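# Coordinate analysis (summary)
What follows is the residue order along each chain.
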Amino acid sequence: MVSFEYYRFFYFVAQYKSFTKAAEILNNNQPNITRCMNILENELECKLFVRSNRGVTLTPEGEKLFQHVAIAYEQLSTAESELKKDKSLESGLITIGASETALRLLLLDRLETFHAQYPGVRLKISNFSTPQSIQALENGLADISVVTTPLKLKKSMRHYTLASFREILLAGPKYADFSSKIHHLSELTDIPFISLGQNTGTREMHINYFLQHDLPFYPDIEAATADQILPMIRHNLGIGFYPETLAEEAIKKGEVVQLHLTSRMPEREICLIWDKNRPKSIAVRKLMNALQTANM
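Residues numbered from 1 in each chain as written. Predicted model: local features only at pLDDT ≥ 70, side-chain atom pairs only at ≥ 80, totals over all residues. Heavy atoms only, no water.

### Quick notes on the pairing of strand E12 (residues 268-275)
For a regular strand, side-chain orientation follows a simple rule: the groups alternate between the two sheet faces. Taken across its 8 residues, E12 has 7 buried, putting it largely inside the fold. When strand E5 (residues 144-148) meets E12, the two strands line up antiparallel, connected through 4 bridges. Each bridged residue has a counterpart across the sheet, and for Ser-145 the counterpart in E12 is Ile-273. Relative to E12, strand E6 (residues 157-165) is paired through 8 bridges, and the arrangement is antiparallel. Residue pairing across strands places Tyr-160 opposite Leu-272, the latter belonging to E12. (Buried < 20%, exposed > 50% of the residue type's maximum accessible area, 1.4 Å probe, protein only. Helix = DSSP H or I, 4+ residues; strand = E, 2+ residues; numbered from the N terminus. Pairing = 2+ DSSP bridges.)

### A short note on the sheet that holds strand E3 (residues 93-99)
Read from one edge to the other, the open sheet built from 5 strands follows the order E4-E3-E5-E12-E6, with strand pairing classed as mixed. Two strands in the sheet have a free side with no partner beyond their single neighbour: strand E4 (122-128) and E6. Between one strand axis and the next, the sheet turns by 20° as a mean value, whatever way the strands run. Contacting E3, E4, E5, E6 and E12, helix H5 (residues 100-117) runs over the sheet at an angle of about 155° to E3. (Axes fitted to C-alpha atoms, helices over the stretch in contact; angles between N-to-C directions. Contact = heavy atoms within 4.5 Å.)

### Notes on helix H10 (residues 282-293)
Each full turn of the α-helix corresponds to 3.6 residues, which orients residues three or four apart in the same direction. The terminal C-alpha atoms of H10 lie 16 Å apart, and with 12 residues this matches the ideal 16 Å at 1.5 Å per residue to within 8%. Among all positions of H10, only Ala-283, Val-284, Leu-287, Met-288, Leu-291 and Gln-292 are buried. Buried residues in H10, looked at end-on, bunch into an arc of 165°, giving them a common side. For H10, the elements touching its buried residues are E3, H5, E5, E6 and E12. (Expected span 1.5 Å × (residues − 1). Arc of directions from axis to C-beta.)

### Concerning the packing of aromatic side chains
Going through the model one piece at a time under the given rule, you end up with 16 aromatic pairs. Taken together, a centroid distance of 6.3 Å and an interplanar angle of 55° make the contact between Tyr-175 and Phe-178 tilted. Judged by its relative accessible area of 9%, Tyr-175 falls in the buried class. Given a relative accessible area of 30%, Phe-178 falls into the partly exposed group. Ring centres 5.6 Å apart and planes at 85° place the aromatic pair Tyr-209 and Phe-241 in the edge-to-face group. Taken together, the positions of Tyr-209 in helix H7 (residues 201-212) and Phe-241 in strand E10 (residues 240-243) put the pair 32 residues apart, joining distant regions of the chain. Here the two residues Tyr-209 and Phe-241 agree in accessibility, since each one is buried. Members of the aromatic cluster, each reached through a chain of ring pairs, are Phe-10, Tyr-11, Phe-12, Tyr-16, Phe-19, Phe-49, Phe-66 and Tyr-73. (Phe/Tyr/Trp six-rings, centres within 6.5 Å; stacked < 30°, edge-to-face > 60°.)

Quick look at the structure:
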């Protein structure tokens, strides 16, 4: 088969109707271009150019060849250009599955920094529960996921801890008197409890915490998303656990109070999850590296 390089030379000679101009653009020399075109004509067993003092024109065979070569060359050039842009992170798309707590506690700040550095990279963020985010990753609907523990991962999944956080028990003004002393969890079971719905990592965490105290966990109110919990607590609908960092401002303003327990909730982690068997684009690998090195 004829070398692709010959077809590249042919494309520029046909495009500019000049061996000299083609040699100049290709940073080559005219005798070499002429030699290669002679070889191409011999290999294809047909005349491709009509040479004259004014330059060259294509024969009917040359025109037919050019129609195909032009499409192939321009597609390859476009592909090369896109790959160069991806490499320099001038373009690209990253799909991220993120749990709401991970998004608010860490990911938004990290993405702000990344986006400022690489504005050409588009970000598609889907707000899921931790199990849903992991499922999206398994189904190939997300490049990476950033979620909170507890985790249940398949063998092909890898994770990296980005940060840790702790939840504290909050109450609205109606239950402010309970904040004056330290309570055993069993002393608060008569107060309505607010939690996320089933099939979330947070709900599983709360179930395990109550079991450690030999108590069943039956929340009175289920919130669809984590950001609904604080307003419900603020309006005295019940008490509930909430990330300490995200509760600081509401506590400072006196909108909610912290209820102190004899044993604190276990520390949780925010983790970056990926599938080691799935190829990653340059943009995805760059973001993964940025997320991990931000902790160092």
